Amino acid sequence: MTSATDPNTSAASTAAPASAAITAPPLVMSILLACGGAHLINDMIQALLPSIYPMLKTGYGLSFTQVGLITLTFQVTASLLQPWIGMYTDRHPQPWLLPSGAVATLIGIVLLALAGSFSAFLVAAALIGIGSSTFHPEASRIARMASGGRFGLAQSTFQVGGNAGSAFGPLLAAAIVVPYGQTHVAWFVLLSVLAILVLSRVSAWYRSHLAAGKGKGKVLARHQLPASTVRRALVVLALLVFSKYFYMASFTSYFTFYLIDRFQMSVASSQLYLFLFLGAVAVGTFVGGPIGDRIGRKRVIWISILGAAPFALMLPHANLFWTAVLSVVIGLIISSAFSAIVVYAQELVPGKVGMIAGVFFGLMFGFGGIGAALLGHLADLYGIAWVYGLCAFLPLAGLLTVLLPDVREH
């Protein structure tokens with residue numbers, strides 16, 4: 001064994017912190033908050049689109065198929081492009097890409113406010129999707145760079161902004177667009193301009209970060225796992241995302257319908273219960289990352305997905321009071337998984353931060369959209385209560401976590 005006083009050992013020990021400094025710069029909270037704030041605006045604008053579907057359907061005589069095609073156009077551009085953008089920018093960093101994506105979103109908003117045909121709505125949805133696909137992998141990468149090594153905290157701070165935006169988007173649409181008409185979508189241009197300004201500042205920090213030589217060194221894996229084990233782990237993580245977002249789709253798209261059907265609630269009252277769930281999701285998302293920094297990502301994934309299973313199985317049989325309580329508990333628990341999953345995957349595949357973020361955000365959008373469509377079809381066939389009984393078993397997929405390796409043991 002080499003002596004502790006060996007000069008070669010001293011040199012190696014000196015090099016190790018230097019390498020760590022390259023991959024883990026100091027915590028920059030202002031950049032984390034800027035990324036989270038921009039995520040809030042981005043996802044608020046995304047949530048605007050489905051919120052005005054009933055108005056567009058009535059005003060332009062659109063069929064449900066056409067409404068579905070608008071959603072499909074957005075989902076395709078917002079999900080399928082993300083991994084490719086992340087893969088390209090892993091090799092060729094593009095600091096200008098974030099504000100440019102926000103400009104695409106702005107153009108999409110203007111077109112949505114002025115559009116008078118189905119084809120124009122498709123183009124507007126595509127532009128908003130392109131803005132989203134450029135935003136998520138790049139902003140997630142920059143949040144990691146600004147984390148100071150607290151990767152879970154960074155991912156949670158970034159992600160909770162998106163959750164908050166998804167919750168506030170329908171509220172703003174109900175207050176601004178639905179009462180006053182389609183042209184009032186243009187008010188969201190102000191939010192888009194704010195996002196461009198914020199992301200321009202973030203891009204400037206990113207550019208200076210690259211110019212200083214940080215983040216250019218080759219990132220070495222903290223594990224010595226064979227490639228086959230890494231591939232298997234990524235497949236398991238994808239299956240966990242599938243179970244989580246199919247289950248989440250049953251709430252985000254159909255919880256109000258479930259409450260109205262099961263408990264004869266009014267639409268307004270059912271919305272309040274949905275906001276309780278979404279609020280719990282936001283809190284769970286934020287706390288999941290820092291907890292993962294302390295106790296490990298794998299434990300958080302175990303607790304988050306499998307831990308929600310008992311409450312999910314009880315929900316279809318509960319009365320109104322316990323339905324509210326269980327929905328909040330489920331939201332708190334299951335929402336903590338995504339940040340842990342993304343950071344865990346990034347640790348499995350170091351140096352591919354953008355690609356991994358793009359893949360998993362793409363899966364989130366894709367599975368959420370497919371889940372909403374499939375569960376809606378099943379609800380038409382068998383009823384919404386039957387759908388909730390079926391979805392109650394999805395969190396049991398958390399048992400797959402046993403197949404994940406421990407990347408911190410090597």
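The following paragraphs examine the structure supplied in this document.

The rules we used
- Residues numbered from 1 in each chain as written.
- Predicted model: local features only at pLDDT ≥ 70, side-chain atom pairs only at ≥ 80, totals over all residues.
- Heavy atoms only, no water.
- Helix = DSSP H or I, 4+ residues; strand = E, 2+ residues; numbered from the N terminus.
- Buried < 20%, exposed > 50% of the residue type's maximum accessible area, 1.4 Å probe, protein only.
- Areas by Shrake-Rupley, 256 points an atom, 1.4 Å probe, with all protein chains shown as cover.
- Axes fitted to C-alpha atoms, helices over the stretch in contact; angles between N-to-C directions.
- Parallel < 35°, antiparallel > 145°, perpendicular 65-115°, else oblique.
- Left-handed = near helix turned anticlockwise from the far one by under 90°.
- Contact = heavy atoms within 4.5 Å.
- Salt bridge = Lys/Arg side-chain N within 4 Å of Asp/Glu carboxyl O.
- Patch = residues over 30% accessible without salt bridge, like charges linked within 9 Å, V, L, I, M, F, W, Y side chains within 5 Å.
- Phe/Tyr/Trp six-rings, centres within 6.5 Å; stacked < 30°, edge-to-face > 60°.
- Core = buried A, V, L, I, M, F, W, Y, C linked by side-chain atoms within 4.5 Å.
- Expected span 1.5 Å × (residues − 1).
- Polar contact = N/O pair within 3.5 Å; in protein donor to acceptor, adjacent residues only side chain to side chain.
- Nonpolar A, V, L, I, M, F, W, Y, C, P; charged D, E, K, R; others polar.

To continue, consider the overall build of the protein chain. Of the regular secondary structure elements, the protein chain holds 17 helices and zero strands. Among the 410 residues that make up the protein chain, the fraction classed as buried is 51%. Total accessible area on the protein chain stands at roughly 17,700 Å², and carbon and sulfur atoms take up 71% of it.

Moving on: the packing of helix α7 (residues 151-180) against helix α15 (residues 337-348). For the pair α7 and α15, the least separation of the axes is 9 Å and the interaxial angle reads 130°. Taken together, α7 and α15 sit at an angle that is classed as oblique. Crossing of α7 against α15: the hand is right-handed. Contact residues: Phe-151, Gly-152, Gln-155, Ser-156 and Gln-159 in α7; Phe-338, Ser-339, Val-342, Val-343 and Glu-347 in α15.

Structurally, the position occupied by Leu-237 is in helix α9 (residues 227-252). Judged by its relative accessible area of 0%, Leu-237 falls in the buried class. In this structure the C-alpha to C-alpha distance between Leu-237 and Phe-360, which are 123 residues apart in sequence, comes to 9.0 Å. Contacts of Leu-237, omitting those with residues within four sequence positions, involve Ile-301, Ile-341, Tyr-344, Ala-345, Leu-348, Phe-360 and Leu-404.

Tallying each qualifying case throughout the model produces one salt bridge. With its nearest N and O atoms 2.9 Å apart, the salt bridge here joins Glu-138 to Arg-141. Residue Glu-138 and its partner Arg-141 are both found in helix α6 (residues 118-145); the two are separated by three residues, about one turn of the helix. Overall, the relative accessible area of 1% leaves Glu-138 in the buried class. Among the residues examined, Arg-141 registers a relative accessible area of 7% and is labelled buried.

This next bit is on a nonpolar patch on the surface. Taken together, the side chains of Val-283, Phe-286, Val-287, Ile-291, Ile-295, Ile-303 and Leu-332 make up a nonpolar region of the molecular surface, amounting to roughly 550 Å² of accessible area. At five residues, helix α11 (residues 267-295) tops the list of elements feeding residues into the nonpolar patch. Mapped onto the elements, Val-283 comes out in helix α11. For Val-283, a relative accessible area of 45% gives the class partly exposed.

As a further point, take the packing of aromatic side chains. We describe a pair of aromatic rings using the distance from one ring centre to the other and the angle between the two ring planes. Counted according to the given criterion, the structure contains 14 aromatic pairs. Aromatic side chains Tyr-247 and Phe-251 sit 5.5 Å apart centroid to centroid with 65° between the ring planes, which places their arrangement in the edge-to-face category. Of the two residues, Tyr-247 and Phe-251 are both situated in helix α9; the distance of four residues between them amounts to about one turn of the helix. On the basis of relative accessible area, Tyr-247 is assigned to the buried category, the value being 1%. With a relative accessible area of 0%, Phe-251 lands in the buried category.

Counting residues in each nonpolar core, the largest one holds 109 residues, and the members touching the most others are Leu-112, Leu-237, Ile-301, Ile-341, Leu-348 and Phe-360. Looking at this core element by element, the count peaks at twelve residues for α9. Excluding residues that lie within four positions of it along the chain, Ile-341 makes contacts with Leu-237, Leu-240, Val-241, Ile-301, Ile-305 and Phe-360.

A few words now on the environment of Tyr-258. Tracing the backbone shows Tyr-258 in helix α10 (residues 255-263). When its relative accessible area of 1% is taken as the criterion, Tyr-258 is described as buried. Here Tyr-258 is in contact with Phe-263, Leu-315, Pro-316, Thr-323, Ile-384, Ala-385 and Tyr-388, once residues within four sequence places are set aside.

Since there are 3.6 residues in each turn of an α-helix, residues three or four apart along the chain are aligned in direction. End to end, helix α8 (residues 188-211) covers 34 Å across 24 residues, agreeing with the expected 34 Å (1.5 Å per residue, within 8%). Of the positions making up α8, those classed as buried are Phe-188, Val-189, Ser-192, Ala-195, Ile-196, Leu-199, Val-202, Ser-203, Trp-205, Tyr-206, His-209 and Leu-210. Looking at the packing, one finds that the buried side of α8 touches α2 (29-51), α5 (97-114), α6 and α7.

Okay, the environment of Leu-306 next. Within the secondary structure layout, Leu-306 lies in the loop between α12 (297-305) and α13 (309-314). Along the backbone, Leu-306 and Gly-398 are 92 residues apart, and their C-alpha atoms lie at a distance of 4.3 Å.

With respect to the secondary-structure elements, Thr-89 resides in helix α4 (residues 64-91). Residue Thr-89 is classed as buried on the basis of its relative accessible area, which comes to 1%. For Thr-89, the side chain forms a polar contact with the main-chain oxygen of Ile-85, separated by 2.9 Å. Of note is the side chain of Thr-89, whose polar atom sits 2.6 Å from the side chain of Glu-138. With near-sequence residues (within four places) excluded, Thr-89 lies in contact with Gln-94, Leu-97, Glu-138 and Arg-141.

Time to look at the packing of α5 against α8. Between α5 and α8, whose axes approach to 8 Å, the crossing angle comes to 175°. Here α5 is positioned roughly antiparallel relative to α8, judged by the angle of their axes. Across from Leu-98, Pro-99, Ala-102, Val-103, Thr-105, Leu-106, Ile-109 and Val-110 in α5, the residues of α8 making contact are Phe-188, Val-189, Ser-192, Val-193, Ile-196, Leu-199, Ser-200, Val-202 and Ser-203. Of the residues assigned to the contact of α5 with α8, the class counts are 13 nonpolar, four polar and no charged.

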